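The lines below spell out each chain.
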Amino acid sequence: MQCAFEAVIFSGVTSDSAICNQENNELSTPVKLAVNGAAGRMGRQLLAAIAEHQDGYLTGAADAPGQPTIGIDTSVLGGGEATGVLVTDDLSVLLGSSQVIVDFTAPAVSLGVLEAVADSEVAVVVGTTGFNPEQLKQLEAYALKTPIMFAPNYSVGVTVALDLLDKAARALGDDYDVEVIEAHHRHKVDAPSGTALKMGDVVAKALGRDLNECAVYGREGITGSRDTQTIGFETIRAGDIIGEHTVLFAGNGERIEITHRATDRMTFARGAIRAAVWLASQPPGLYDMRDVLGLT
Ligand code: NAD
């Protein structure tokens, strides 16, 4: 079917009118998107990614109370022309205006968003990492009521790497030692990264192990020889590294390394907005990027 309408754009904000989806050349209604944590490193990239996405438009942005960015136009953070959307510290404003909230903040903040939307139609993309096991259980429980997208890494490349890791671990089996090495910028507050833990979990499951029982986080002192059933994690925090992950499978006489390097935060932001547009039409449940890419 050929598209019969074009996007209607006023001051950089796309209206509710039907627009042409270039992927399938069909008409679709653009999704109303909001960003929580809008002034953060990822928040600013998310605002820019929404501005360039044809199937969604910005209807809300929020950050923490007391931040100097409250009340300013989001274009100051995300670049481009004025959007007319002002940063608020009132989450209920986002609830009233958006279909999907994209949240890259902190675990307690993200859980607060999920609690706030629980009795509404609003879906949530959670980009935050660093949830403890109890918080993860709470997040899963909210998915009974709300469509939730939860991925420690929204890049398409990492999603494909997770698939490769599953295949590699199944083929290599228990004869190869597995180590996960990750590096991030000096401001990152959680370690190992959510992506590193996800990679370890994928490998552990493929090998029939429980990551909670076989993970070893860093080594120091007289450690004794390596237990072949363990999966080791090494963390580097330095400078402005955006995100690098290597999973090493080391056997006798050879080793395989699967590496992903992010060089631009926009890769996470574009993936998260693609996920948000996809999530808008899903029923309550817990989803990840593999669902968006059709890998499940
Ligand atoms: P950041 O510290 O730069 O930004 C966090 C933002 O959240 C800040 O602007 C802060 O003011 C805001 N915030 C804090 N409390 C709030 C509240 N109560 N309400 C609204 N906003 C609030 O951090 P960042 O580098 O943008 O990372 C944010 C999170 O995203 C981290 O957990 C990080 O690990 C994760 N992350 C995930 C991916 C991914 O692909 N899933 C990629 C990069 C970063």
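### Focus: helix α6 (residues 156-172)
So, point 1. Compared with an ideal rise of 1.5 Å per residue, which puts 17 residues at 24 Å, α6 spans 24 Å between its outermost C-alpha atoms and is within 8% of the ideal.
So, point 2. Taken together, the buried positions of α6 are Val-158, Thr-159, Ala-161, Leu-162, Leu-165, Ala-168, Ala-169 and Leu-172.
So, point 3. Packed against the buried residues of α6 are α7 (194-206), β14 (243-250), β15 (255-262) and α10 (289-292).
So, point 4. Looking one or two residues beyond α6, the residue adopting positive phi is Gly-173, at roughly 70°.

### What about the packing of α6 against α7?
So, point 1. Running from N to C, α6 and α7 cross one another at 30°; their axes reach a closest spacing of 8 Å. Our classification of the angle between α6 and α7 gives roughly parallel. Taken as a pair, α6 and α7 cross one another with a handedness that is right-handed. Taking contact as the criterion, the partners of Val-158, Ala-161, Leu-162, Leu-165, Asp-166, Ala-169 and Arg-170 in α6 are, on α7, Thr-195, Lys-198, Met-199, Val-202, Val-203 and Ala-206.
So, point 2. In terms of residue class, the contact of α6 with α7 is made up of 9 nonpolar, 1 polar and 3 charged.

### Describing the layout of surface pockets
So, point 1. Here the largest pocket defines a volume of roughly 1,000 Å³.
So, point 2. Considering the residues around the largest pocket, the lining is formed by 40 residues, among which Met-42, Phe-104, Thr-105, Ala-106 and Thr-128 are closest to the centre.
So, point 3. It is helix α1 (residues 41-51) that provides the largest number of residues to the lining of the largest pocket, a total of 3 residues.
So, point 4. Taken together, the residues of the lining of the largest pocket break down into 15 nonpolar, 18 polar and 7 charged.
So, point 5. Of the pockets and cavities examined, the second largest pocket occupies roughly 860 Å³.
So, point 6. If you go around the second largest pocket, you meet 28 residues; those closest to its centre are Phe-131, Leu-136, Phe-150, Leu-197 and Asp-201.
So, point 7. Listed by contribution, the elements that provide at least two residues to the lining of the second largest pocket are α5 (133-142), α7, α8 (211-214) and β16 (285-287).
So, point 8. Per-element accounting of the lining of the second largest pocket gives the leading share, 5 residues, to α5.

Rules behind the numbers
Within each chain, residue numbers correspond to sequence positions counted from 1 in written order. Totals for whole chains, interfaces and linings use all residues, but because this is a predicted model, local features are given only for residues with pLDDT of at least 70 and pairs of side-chain atoms are given and counted only at 80 or more. Heavy atoms from the whole structure form the basis of all side-chain values; hydrogens and water molecules are not counted. Strands here are runs of E lasting at least two residues and helices are runs of H or I lasting at least four, both read from the DSSP assignment and numbered beginning at the N terminus. Each helix should span, by expectation, one fewer than its residue count multiplied by 1.5 Å. Note on exposure labels: buried denotes an accessible area under 20% of the residue type's maximum, exposed denotes more than 50%, and partly exposed covers the range between, all computed with a 1.4 Å probe on protein chains only. Note on contacts: a residue pair is in contact if any heavy atoms of the two residues lie within 4.5 Å. All axes are obtained by fitting lines to C-alpha atoms, using only the stretch in contact for helices, and the reported angles, taken between N-to-C directions, cover 0 to 180 degrees. Oblique is the label for any angle not under 35 degrees, not over 145, and not in the 65 to 115 range, which are roughly parallel, roughly antiparallel and roughly perpendicular in turn. Each crossing gets its hand from how the near helix is turned against the far one by less than a right angle, where anticlockwise is left-handed and clockwise is right-handed. Residues are grouped as follows: Ala, Val, Leu, Ile, Met, Phe, Trp, Tyr, Cys and Pro are nonpolar; Asp, Glu, Lys and Arg are charged; every other residue, Gly included, is polar. The rule is simple: put a 1 Å grid over the protein atoms alone, call a set of points where a 1.4 Å probe fits but cannot get out a cavity, call an open set with protein on both sides within 12 Å along at least five of seven lines a pocket, and count a residue as lining if it has an atom within 4 Å of a point. Grid points are joined across faces, edges and corners, and a volume is the space filled by probe spheres set on the points.

Everything listed here is a matter of geometry and, on its own, says nothing about what the molecule does.
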